[in-house]
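These are the residues of each chain, in order.
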Amino acid sequence: MTAMTAKAVGVVSFSIIRFLFGVGEAGAFPTATRAMQLWYTREERGLAQGVTHSASRLGAAIVPPITVAIITALGWQWVFYIFGAVGIIWSLFWHLTYRNMPEQHKWVNQAELVHIRGVDEKGDIKQVDIEKKPAVPWGVLLKHSNMWAVMCAYFTYGYCFWIFLSWLPSYLVDYRGFTLLKMGWFASLPLFAGVIGDTAGGWLTDTLLVKTGNAKFARRSVATTGMLGCMVFILLSALTTNPYTAVYCLTGAMFFLECIIGPTWGVSMDVGGPTPEPCPG
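Residues numbered from 1 in each chain as written. Predicted model: local features only at pLDDT ≥ 70, side-chain atom pairs only at ≥ 80, totals over all residues. Heavy atoms only, no water.

### What about the packing of helix α10 (residues 215-239) against helix α12 (residues 261-271)?
Two numbers describe a pair of packed helices, the interaxial angle and the distance between the axes. Quick note on the threshold: Under this scheme, a helix contributes an axis fitted over its contacting stretch, all axes are lines through C-alpha atoms, and angles between N-to-C directions fall in the 0 to 180 degree range. Numbering of helices and strands starts at the N terminus; helices are DSSP runs of H or I of at least 4 residues and strands are runs of E of at least 2. Should an angle fall under 35 degrees it is taken as roughly parallel, and over 145 as roughly antiparallel, whereas 65 to 115 is taken as roughly perpendicular and any remaining angle as oblique. Put simply, a crossing is left-handed when the front helix is turned counterclockwise from the back one by less than a right angle, and right-handed when it is turned clockwise. Every residue pair with non-hydrogen atoms within 4.5 Å of one another is taken to be in contact. Residue type decides the class: Asp, Glu, Lys and Arg count as charged, Ala, Val, Leu, Ile, Met, Phe, Trp, Tyr, Cys and Pro as nonpolar, and the leftover types, Gly among them, as polar.
Two elements in contact, α10 and α12, have axes whose closest approach is 9 Å; the angle formed by their N-to-C orientations is 150°. In terms of orientation, α10 lies roughly antiparallel with respect to α12. Seen along the crossing, α10 lies across α12 with a hand that is left-handed. On α12, the residues that touch Arg219, Val222 and Ala223 of α10 are Pro263, Gly266, Val267 and Asp270. When the residues that make up the contact of α10 with α12 are grouped by side-chain class, the tally is four nonpolar, one polar and two charged.

Okay, here's the thing in structure tokens:
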């Protein structure tokens, strides 16, 4: 669908193609998070989630200057052709190398499997059974206050993050007066900060979990700090009259915003699905 975007001939066809792109993309985070739940211990999930999200932000960070270069040299259609081709190559590599369960992967040795699963009272490796078509407990989900809290919190994250993906380039050009070339570089700075923030937040929430044994504190404290830090820096960027200061403040805002990724998705893995360890209270 990324490559097909270049073939859109009007608003209707463009909207349909991008909708189908979203349909294909929608399963990425849920399935990736489920995979991490099966492949990592609870004390490692925040960092695992942070690192994978940091790779996503790194991709977005290097895109603006690359996009400008492709448009200048080949035209805007080739941006979608080239990015689509990269996606297809990666999909093939992932299909050939990934397995749903560590037990199914030939690269996983016994020691690693013991580390991931743990052992039971008899010293045998714990087994994890996965239903092929589990029933979704919609009633429990919709009535649970924690579910709504996580949804609302992540909505605020998504709203802020979308600013950096969609609105920031036009903001830098139209309001802050940057040239197209400068915009390509400065629009990348917040996303590079997001790479660091993702990893830092994931590492910190796991470190706190290991040291305190309190999942609620380890997840909440990092996510709350990230949200507050993002709020402060976004306000500073709006109040300053210096365009470069505004970019630096937005960079700080993105760092703190991305710090919440590790603990947020860590909560989802902690409380969701049948897992070998008890869910935190």
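### Some thoughts on the side chain of His105
To keep it simple, the criterion reads: Type-normalised accessible area, obtained with a 1.4 Å probe on protein chains alone, sets the label of each residue: buried when under 20%, exposed when over 50%, and partly exposed for intermediate values. Definition of a polar contact: a pair of N or O atoms within 3.5 Å, with one able to donate and the other able to accept a hydrogen when the atoms are protein atoms, and with sequence-neighbouring residues admitted only if both atoms are side-chain atoms.
Structurally, the position occupied by His105 is in the loop between α4 (77-97) and α5 (110-117). Using a relative accessible area of 11% as the deciding quantity, one classes His105 as buried. Engagement of the side chain of His105 in a polar contact is seen with the backbone nitrogen of Trp107, the distance being 3.1 Å.

### Quick look at the packing of aromatic side chains
Definition in use: We call Phe, Tyr and Trp rings a pair once their centres come within 6.5 Å, taking the six-membered ring for Trp, and we label the pair stacked below 30 degrees between planes, edge-to-face above 60, and tilted otherwise.
Tallied over the entire structure, the rule returns 15 aromatic pairs. Taken together, a centroid distance of 5.7 Å and an interplanar angle of 85° make the contact between Tyr154 and Trp265 edge-to-face. Here Trp265 lies in helix α12 and Tyr154 lies in helix α7 (residues 145-175), a separation of 111 residues in the sequence. Overall, Tyr154 belongs to the partly exposed group, its relative accessible area being 22%.

### Things to note about the nonpolar core
Formally: Among the buried residues, those of types Ala, Val, Leu, Ile, Met, Phe, Trp, Tyr and Cys that are joined through side-chain atoms within 4.5 Å form a nonpolar core.
With 24 residues, the main nonpolar core has Phe164, Leu168, Leu172 and Leu257 as its most contacted residues. The element best represented in this core is α7, accounting for seven residues. Leaving out residues up to four positions away in the same chain, Leu172 has contacts with Gly177, Phe178, Met183, Phe186, Ala187 and Val247.

### What to know about the environment of Pro65
Locating Pro65 in the fold gives a position in helix α3 (residues 45-74). As for Pro65 and Thr207, which are separated by 142 residues in sequence, their C-alpha atoms are 35 Å apart. Residues in contact with Pro65, not counting those within four places in the same chain, are Gly184, Trp185 and Ser188.

### Concerning α12
Among the 11 residues of α12, eight are classified as buried, and the element is accordingly described as predominantly covered. Taken together, the buried positions of α12 are occupied by Ile261, Gly262, Pro263, Thr264, Trp265, Gly266, Met269 and Asp270. For α12, the elements touching its buried residues are α2 (28-39), α3, α7, α9 (188-212), α10 and α11 (243-258).

### Looking at the confidence of the model for the protein
Fine structural detail should not be taken from predicted coordinates in areas where pLDDT scores are low. For clarity, the threshold we go by: Per residue, pLDDT captures the predictor's confidence, and it can take any value from 0 to 100.
Overall, the prediction assigns the protein a mean pLDDT of 86, with 94% of residues at 70 or greater. The lowest-confidence element of the protein is helix α8 (residues 180-186), averaging 74 in pLDDT; the highest-confidence one is α4, averaging 93. Confidence over residues 275-281 falls short of pLDDT 50; this stretch has 14 contacts with residues more than four positions distant or in other chains.

### Topic: the packing of α9 against α12
Closest axis-to-axis distance for the α9/α12 pair is 7 Å, and the angle between their directions is 55°. In terms of their interaxial angle, α9 and α12 are classed as oblique. Judged by residue contacts, Asp198, Gly201, Gly202 and Thr205 of α9 engage Ile261, Gly262 and Pro263 from α12. Class assignment for the residues of the contact of α9 with α12 results in two nonpolar, four polar and one charged.

### A closer look at the side chain of Arg219
Inspection of the secondary structure assignment puts Arg219 in helix α10. On the basis of relative accessible area, Arg219 is assigned to the buried category, the value being 4%. Here Thr205 takes part through its side chain, which lies 3.1 Å from a polar atom of the side chain of Arg219. A distance of 3.0 Å separates polar atoms of two side chains, one belonging to Arg219 and the other to Asp270. Setting aside its immediate chain neighbours within four residues, Arg219 contacts Arg42, Thr205, Asp206, Leu209, Pro263, Gly266, Val267 and Asp270.

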